[in-house]
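# A closer look at the structure
One-letter residues, chain by chain:
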Amino acid sequence: MTAVPFTVNVPDAELVQLYQKLDLTRWPDELEGAGWSYGAPLADVKRLATYWRESFDWRAQETKINDALPQFTTDVDVDGFGTLNIHFVHKRSSRPDAIPLLFQHGWPGSFLEVSKLLPLLTEPTKATDPAFHVVAPSLAGYAFSQAPSKPGFGIRQYAEVAHKIMLQLGYDQYVTQGGDWGASVTRVMGYLYAPEHCKGSHTNMMHVDKPTLTKQPFLWLVNAIIPYSKREKAALARMNTFFATGAAYSQIQGTRPQTLGYGLADSPVGLLAWIYEKLHEWTDAYPWTDDEILTWVSIYYHSRAGPAASLRIYYENQQPGGGSSGDVEKNKRYPSLPIGVSYFPREIINFPKRWAKTGGNVVYQSAHDKGGHFAAWEMPEALAWDLGKMFGRGGAAFGVVDGKDGYEKEVAKKA
């Protein structure tokens, strides 16, 4: 398959219809002093909707995206699902021996999340830092990727798509980075394609199990004897609060995605509120600008398949043993390839570092003082640093890709 250059260019008619829908918004009421307790505040959403209608310059954002991100589409044959046309970002480093890296986003993110990370990884300012060739696909059904038309397209299939794109681009061996659904996709890539192709994986949202006496007796003993640190207690408390009061969206998207999809597809304000809440709640006091928020939301509103398609990954992942990654995900088998983990305090899924070894061959861990769920957007320098430390010289995963260590070849001095 041949990759075809792609630029974002939403039809004028679609923008006209958007403005008409914004003009016709029917607003809900709100309780006095509700704040964020009941969800996205009415005043915030009204302000953003007004800005979207009257001042937000989507064409300027299109230009910014197209200028910063080399984008392409390519056809990918997916076993049992036919051919899908997939959108992706691909930026090669000027260093020929840069490390091929697959960056995978999740929900409610998109390929935009790689924007700030891209220059840091492809053209590091220090010769001592490794460089990467970066590929960032839009998940099938997200942004400008075609959506599958049949049920059962789950994590295994998303992993297959990402892997085949890397092979199409000539990256027979590669490493991965992902958070949110990207963490699940890249983990399954480790199950399916290591050690021949997938050589290492880094995540900022790792799912692990609490150590048990039967499976990890030493870790269980450590866990029982050594008290949790203040940081670990805070992380566990935040995660427990998230599951108790902030995870209902996942149950809705995982059980009735089609029903929710009508509202998100038809109402730009409904979509705005649904995503804006997560951008606010899942970050570490990140100073979102209105342009940033509306650009992220617009990627969903103007997506090729519509915003409803992005919800179905939740449904497929909840199906017993079938639609997602099947036995590898549901039975908690972890890949043997080198794994690195970055911890950010406001991440929604955040386990104590000592639990990490229950999640596979963890060779690198780093804890940061600031940051949340969207690490590549909130803390790009910290994430780039961790990737450099893991895969660079002296790192536990240095040299995992044959002949591609990320550095310039040393030129022999003339006699």
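Under an unreviewed UniProt entry, the protein has the name Alpha/beta-hydrolase and belongs to Exidia glandulosa HHB12029.

Right, let's get into the nonpolar core. In this structure, W107, F111, F132, M189, L272 and F391 are the most contacted members of the largest nonpolar core, which totals 114 residues. The contact partners of F391, leaving out residues within four places of it in the chain, are I99, P130, F132, V175, G200, S201, A397, F398, G399, V400 and D405.

Further remarks concern the environment of M379. Along the chain, the position of M379 falls in the loop between α15 (375-378) and α16 (380-391). The spatial distance from the C-alpha of M379 to the C-alpha of K116 is 9.0 Å, given a sequence separation of 263 residues. In this structure M379 touches F344, K370, G371 and F374, once residues within four positions along its chain are discounted.

Turning our attention to the UniProt feature "domain: Epoxide hydrolase N-terminal" (unreviewed entry) in the protein. The UniProt record marks residues 5-114 with the feature "domain: Epoxide hydrolase N-terminal" (unreviewed entry), using the residue numbering of this structure. Secondary structure within residues 5-114 divides into 33% helix and 24% strand; the distance between the first and last C-alpha atoms comes to 18 Å.

A word on the packing of aromatic side chains. For the coordinates displayed, the defined rule picks out 28 aromatic pairs. Geometrically, the ring pair formed by W107 and Y249 is stacked, given 5.5 Å between the ring centres and 10° between the ring planes. Highlighted residues: W107 in the loop between β4 (99-104) and α4 (117-122) and Y249 in helix α9 (residues 248-255), separated in sequence by 142 residues. Residue classification places W107 among the buried positions, given a relative accessible area of 2%. Feature note: the residues W107, W181, F242, F243, Y249, W282, Y286, W288, W296, Y314, F374 and W377 constitute an aromatic cluster, connected by ring pairs. Just above the ring of W377 sits the side chain of K116; from NZ or CZ to the centre is 4.3 Å.

Following both chains from N to C, one finds helix α3 (residues 58-68) and helix α12 (residues 290-301) inclined at 80°, their axes separated by 11 Å at the closest point. By the angle between their directions, the pair α3 and α12 is classed as roughly perpendicular. Across the interface between the two elements, W58, Q61 and I65 from α3 touch D291, T295, S298 and I299 from α12.

Here we take up the pairing of β4. Most of β4 is tucked away, with six of its six residues classed as buried. Neither face of β4 is left uncovered, since the one carrying I99, L101 and F103 and the one carrying P100, L102 and Q104 both have all their residues buried. One crossover worth recording links β4 to the parallel strand β5 (residues 132-137) by way of α4, and it is right-handed. Pairing analysis gives four bridges linking β4 to strand β6 (residues 174-178), with the strands arranged parallel. Residue pairing across strands places F103 opposite Q177, the latter belonging to β6.

We now examine the side chain of D284. Within the secondary structure, D284 sits in the loop between α11 (268-281) and α12. Comment: no salt bridge for buried D284; closest opposite-charge side chain is K370, at 4.3 Å. In this structure, D284 is in contact with P345, R346, D369, K370, G371, G372 and E378, ignoring residues within four places of it in sequence.

Looking now at the pairing of β5. The buried fraction of β5 amounts to six of the six residues, a majority that puts the element mostly inside the structure. Judged by which residues are buried, β5 turns out to be covered on both faces: F132, V134 and A136 on one side and H133, V135 and P137 on the other are all buried. Alignment of strand β3 (residues 82-91) against β5, held across four bridges, turns out to be antiparallel. In the sheet register, F88 faces β5, and the bridge partner there is P137. Of the strand pairs in this sheet, β4 and β5 are connected by four bridges, and their pairing is parallel. What sits directly across from P100, in β5, is H133.

Turning our attention to the confidence of the model for the protein. Interpreting fine coordinate detail is not advised for predicted regions of low pLDDT. In this model, the protein carries an average pLDDT of 93, and 95% of its residues clear a pLDDT of 70 or more. Here residues 322-327 is modelled with pLDDT under 50, and outside its nearest four sequence neighbours on either side it reaches 20 contacts, counting other chains as well.

Below, the discussion takes up the environment of F88. Positionally, F88 belongs in strand β3. Taking the C-alpha atoms as reference points, F88 and S138, 50 residues apart in sequence, are found 5.6 Å from one another. Sequence-distant contacts of F88, defined by excluding residues within four places in its chain, comprise A3, P70, Q71, F72, T73, T74, V135, A136, P137, S138, I165 and L169.

Feature annotation in UniProt assigns "active site" (unreviewed entry) to the following positions: D180, Y314 and H373. Relative to the assigned elements, Y314 resides in helix α13 (residues 312-317). A residue is classified by how much of its surface remains accessible, and Y314, at 5% relative accessible area, is buried. With sequence-adjacent residues up to four places away left out, Y314 is seen in contact with W107, D180, W181, Y249, S250, Q253 and G254.

Inspection of the entire model under this criterion finds 13 salt bridges. Among the ionic pairs, D12 bridges to R59, the shortest N-O distance being 2.5 Å. One end of the pair, D12, is in helix α1 (residues 12-23); the other, R59, is in helix α3, and 47 residues separate them in sequence. Look at D12 and you get exposed, because its relative accessible area is 56%. The partner of D23 in a salt bridge is R53, with the nearest N and O atoms 3.0 Å apart. Residue D23 is found in helix α1, and its partner R53 is found in helix α2 (residues 42-54); the two are separated by 30 residues along the sequence. The network of salt bridges with shared partners includes D12, R59 and E62.

Conventions used here
Every chain is numbered independently, its residues counted from 1 as its sequence is written. The predicted origin of the model limits local features to residues at a pLDDT of at least 70 and limits the giving and counting of side-chain atom pairs to 80 or more, whereas totals for whole chains, interfaces and linings rest on all residues. To obtain the side-chain values, all non-hydrogen atoms of the structure were used and water was disregarded. Only buried Ala, Val, Leu, Ile, Met, Phe, Trp, Tyr and Cys residues count toward a nonpolar core, and they belong to the same one when joined by side-chain atoms within 4.5 Å. The cut-offs for exposure are 20% and 50% of the maximum accessible area for each residue type, with area from a 1.4 Å probe on protein chains only; residues under the lower value are buried, those over the upper are exposed, and the others partly exposed. The criterion used for residue contact is that any of the two residues' heavy atoms lie within 4.5 Å. Helix numbering and strand numbering both begin at the N terminus, where a helix is a DSSP run of H or I of at least 4 residues and a strand a DSSP run of E of at least 2. UniProt positions are given in the numbering used here, feature names are shortened, and annotations may be inferred rather than shown by experiment. Pairing of aromatic rings covers Phe, Tyr and Trp, the last through its six-membered ring, and needs centres within 6.5 Å; plane angles under 30 degrees mean stacked, over 60 mean edge-to-face, and all others mean tilted. The criterion is that NZ of a Lys, or CZ of an Arg, lies within 6 Å of the ring centre and within 35 degrees of the ring normal, and then a charge sits over that ring. A fitted line through C-alpha atoms represents every axis, and for helices the fit uses only the stretch in contact; the resulting angles, taken between N-to-C directions, go from 0 to 180 degrees. These descriptions rest on fixed angle ranges, namely under 35 degrees for roughly parallel, over 145 for roughly antiparallel, 65 to 115 for roughly perpendicular, and the rest for oblique. Think of it like this: strands point away, you trace from the first strand over the helix to the second, and a clockwise trace means the crossover is right-handed. Only when DSSP finds a minimum of two bridges between them are two strands counted as paired. For the purpose of charge, His is not counted, nor are the chain termini; Lys and Arg are scored as positive and Asp and Glu as negative. By definition here, a salt bridge exists when the distance from a side-chain nitrogen of Lys or Arg to a carboxyl oxygen of Asp or Glu is within 4 Å. A residue's pLDDT is simply how confident the predictor is in it, with values from 0 to 100.

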